[in-house]
Amino acid sequence: MSSGIWQRGKEEEGVYGFLIEDIRKEVNRASKLKCCVCKKNGASIGCVAPRCKRSYHFPCGLQRECIFQFTGNFASFCWNHRPVQIITSNNYRESLPCTICLEFIEPIPSYNILRSPCCKNAWFHRDCLQVQAINAGVFFFRCTICSNSDIFQKEMLRMGIHIPEKDASWELEENAYQELLQHHERCDVRRCRCKEGRDYNAPDSKWEIKRCQCCGSSGTHLACSSLRSWEQNWECLECRGIIYNSGEFQKAKKHVLPNSNNVGITDCLLEESSPKLPRQSPGSQSKDLLRQGSKFRRNVSTLLIELGFQIKKKTKRLYINKANIWTSALDAFRNRNFNPSYAIEVAYVIENDNFGSEHPGSKQEFLSLLMQHLENSSLFEGSLSKNLSLNSQALKENLYYEAGKMLAISLVHGGPSPGFFSKTLFNCLVYGPENTQPILDDVSDFDVAQIIIRINTATTIADLKSVINECYNYLELIGCLRLITTLSDKYMLIKDILVYHVIQRVQAPFESFKQGLKTLGVLEKIQAYPEAFCSILCHKPESLSAKILSDLFAVHTLPDVKALGFWNSYLQAVEDGKSTTTMEDILIFATGCSSIPPAGFKPTPSIECLHVDFPVGNKCNNCLAIPVTNTYKEFQENMDFTIRNTLKLEKEESSHYIGH
């Protein structure tokens, strides 16, 4: 704040950029200046108002209610020239609460009372604002009413509020929200029938603990409440009493729960506003509604559509080179103007094209190609079910974070099901690495797998110690050497090796990947609904059938009955293996995706019947134009020829780039 010194050096020079010789000069200058508050020398701060000669120490200035601006040139103003908030008209006749501490204050702007620039009813104590700013930091300090940050921070800086450039204090506290990941695992029914006790929990058996679907803070063994499967809903006595006595079921009868996958905004709002209402009917009709409602609430499509509400109407165009999908996607997502909540528009460009030509691309095709590349990248290891690998170069370039971010963006913006996560990786994300036990299938390193197998197959203490001696250097390196006294100690040793190799070894990549997956709130949603997301993260989509594709493609224009008949016959022939194409080939040709995205297609795939010789796929509009022919044989030959050769050409172009 001193008036006669500036940061002339770099941040690491001197004292945070203030050079030592400059500091000495300023000390010498200030020693000749008398503070107008305490009358002592050393008053290095002067009021910046023209012709004002007041100088003061920093503590003295605070005492006399001077204003120090922690931005720009770090100007300071004495008590006579400090900036004030001008309120055109004061219609407040009564006291209003400070929106931080809720104590009542007189709504008159002064040094100690400030008003929000964006919300006329928001008033604050200066001290409350300063404490809030220090705790929230620049990233989370905002208006307590409307959450505006830009206008609010600008005004608060003008009025002398210090906003430190740091993350929020609650984000820096280690394991601050750890208790939110703890699940209730105790049988609370009046008569527990489990011989092992109320705390016993055996997954995939009748002694598995099922939590109350309403509060989640009470539980029951499946057998203790006569539940035939974990999928059945169960409520504790307290919640059941509230539900049945609420008298709200008459309102719920007006809602119709959807049976299709096409879930709209109204349906998603219904899920949040009244998820328990159908259960309140005593009749058999309500039980059917309840079963439908339960399935509806667990539907991952609904959850993704709900996340999609964050997407704004403002669009961001991404320029993508299909031949180098990873690099161009990385550049686009790292662009400082890219915002994950903007709608994505894709334009395909060609590398080294002197004419700079571009043509519209399919967003869902781009996301599908990106997920395929990610699955086969060096960031993951394993054959089908993959875990994170340890790639030091990727870690250095922050690629694990980018991978998590890409996955989150893909899911929210209508991309495909990843389907390649191992159960271990998924459980680490949902329940934490400390609550996850890897298995042998998670180990992709052949040598490590052989060590584990040899330890596991040891039949005597001597055999076990022999194996340990042979692998002594490796076990010592990974910190898994342990005293072996009985043969059963081998199981703990195996567990230690698995935990190290699958979890501890990749701790840094995992944390980075997890941070990326928090984009658009995806990780939080996964942790809240693990069952729903497991189906798309750990499992590939179901195989396509003739009926699925027939139902998927809508007919918007007046159809040619004969051509539509050929289309249905063609789908059946493809399913029966009587064609050189597959169901996935047809879907890729029309939409760019090999499977139906969890959130569905936008727009809905459609079919047109055109008087053309060969089919035409418009991936931007998900539209398939099928030819009108005289015979079915001609129809099938033209469809097979076009789809097969189009996809073959696209693959050759991609492999040609990789080869170079």
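In what follows, the accompanying structure is described. (Residues numbered from 1 in each chain as written. Predicted model: local features only at pLDDT ≥ 70, side-chain atom pairs only at ≥ 80, totals over all residues. Heavy atoms only, no water.)

**A closer look at a nonpolar patch on the surface**
Piece 1. Side chains of F139, F140, W170, Y177 and L180 sit close together on the surface and give an oily, nonpolar patch of about 540 Å² of accessible area.
Piece 2. Accessibility expressed as a relative area gives 62% for L180, which makes it exposed. (Patch = residues over 30% accessible without salt bridge, like charges linked within 9 Å, V, L, I, M, F, W, Y side chains within 5 Å. Areas by Shrake-Rupley, 256 points an atom, 1.4 Å probe, with all protein chains shown as cover. Salt bridge = Lys/Arg side-chain N within 4 Å of Asp/Glu carboxyl O. Buried < 20%, exposed > 50% of the residue type's maximum accessible area, 1.4 Å probe, protein only.)

**A few points about the side chain of H501**
Piece 1. Relative to the helices and strands, H501 is located in helix α19 (residues 489–503).
Piece 2. Setting aside anything within four residues of it in sequence, one finds H501 in contact with E381, V443, D445, V448 and Y474. (Helix = DSSP H or I, 4+ residues; strand = E, 2+ residues; numbered from the N terminus. Contact = heavy atoms within 4.5 Å.)

**Focus on the packing of aromatic side chains**
Piece 1. Going through the model one piece at a time under the given rule, you end up with 17 aromatic pairs.
Piece 2. Each ring, one from F421 and one from F513, has its centre 6.0 Å from the other, and the planes form 55°; the classification is tilted. Placement of the pair is F421 in the loop between α14 (399–412) and α15 (423–431) and F513 in helix α20 (residues 507–517), with a sequence separation of 92 residues. Taken individually, F421 and F513 each receive the classification buried, so the pair is uniform in this respect.
Piece 3. Seen from their ring centres, F566 and F635 are 5.8 Å apart, and the 50° between their planes marks the pair as tilted. Remark: F635 occurs in helix α26 (residues 632–659) and F566 occurs in helix α24 (residues 561–575); sequence separation between them is 69 residues.
Piece 4. In this structure, R64 is placed above the aromatic ring of W79, and the distance from its NZ or CZ to the ring centre is 4.0 Å.
Piece 5. The ring of Y348 has K322 lying over it, and the distance from NZ or CZ to the ring centre is 5.0 Å. (Phe/Tyr/Trp six-rings, centres within 6.5 Å; stacked < 30°, edge-to-face > 60°. Lys NZ or Arg CZ within 6 Å of the ring centre and 35° of its normal.)

**Regarding the sheet that holds strand β18 (residues 616–618)**
Piece 1. Spatial ordering of the open sheet is given by β16-β17-β19-β18, a layout of four strands whose pairing is mixed. The open sheet has two free edges, formed respectively by β16 (554–555) and β18, since each of these has just one partner strand.
Piece 2. Where β18 and strand β19 (residues 623–627) come together, three bridges link them in antiparallel fashion. Across the sheet, the residue bridging to V616 is A625, located in β19. (Pairing = 2+ DSSP bridges.)

**Things to note about the sheet that holds strand β11 (residues 312–320)**
Piece 1. Strand order in the open sheet made by the three strands is β11-β12-β13, with mixed pairing throughout. Among the strands making up the open sheet, the edge pair consists of β11 and β13 (358–361). On average, each strand axis in the sheet is inclined to that of its neighbour by 35°, with strand direction left out of account.
Piece 2. One ladder, built from seven bridges, connects β11 with strand β12 (residues 342–349); its direction is parallel. (Axes fitted to C-alpha atoms, helices over the stretch in contact; angles between N-to-C directions.)

**Points about the pairing of β19**
Piece 1. The buried fraction of β19 amounts to five of the five residues, a majority that puts the element mostly inside the structure.
Piece 2. Bridge analysis of strand β17 (residues 606–610) against β19 gives five bridges, and the strand direction is parallel. Looking at β19, one finds that I607 is bridged to L624.
Piece 3. Counted along the chain from β18 to the antiparallel partner β19, the turn is four residues long, and its residue N622 has a positive phi close to 55°.

**Here we look at the packing of helix α11 (residues 325–334) against α14**
Piece 1. It is the contact of α11 with α14, at a shortest axis distance of 11 Å, that shows an interaxial angle of 85°. Between α11 and α14, the interaxial angle falls into the category roughly perpendicular. Contacts from W326, A329, L330, F333 and R334 in α11 reach L399, E402, K405, M406 and I409 in α14.
Piece 2. Per-class residue counts for the contact of α11 with α14 are seven nonpolar, no polar and three charged. (Parallel < 35°, antiparallel > 145°, perpendicular 65-115°, else oblique. Nonpolar A, V, L, I, M, F, W, Y, C, P; charged D, E, K, R; others polar.)

**Notes on the pattern of salt bridges**
Piece 1. Applying the stated criterion to the full structure yields 16 salt bridges.
Piece 2. For the salt bridge of E26 with R29, the shortest nitrogen-to-oxygen distance reads 2.7 Å. Separated by three residues within a single helix, E26 and R29 lie in helix α1 (residues 20–30), roughly one turn from each other.
Piece 3. For E26, a relative accessible area of 7% puts it in the buried group.

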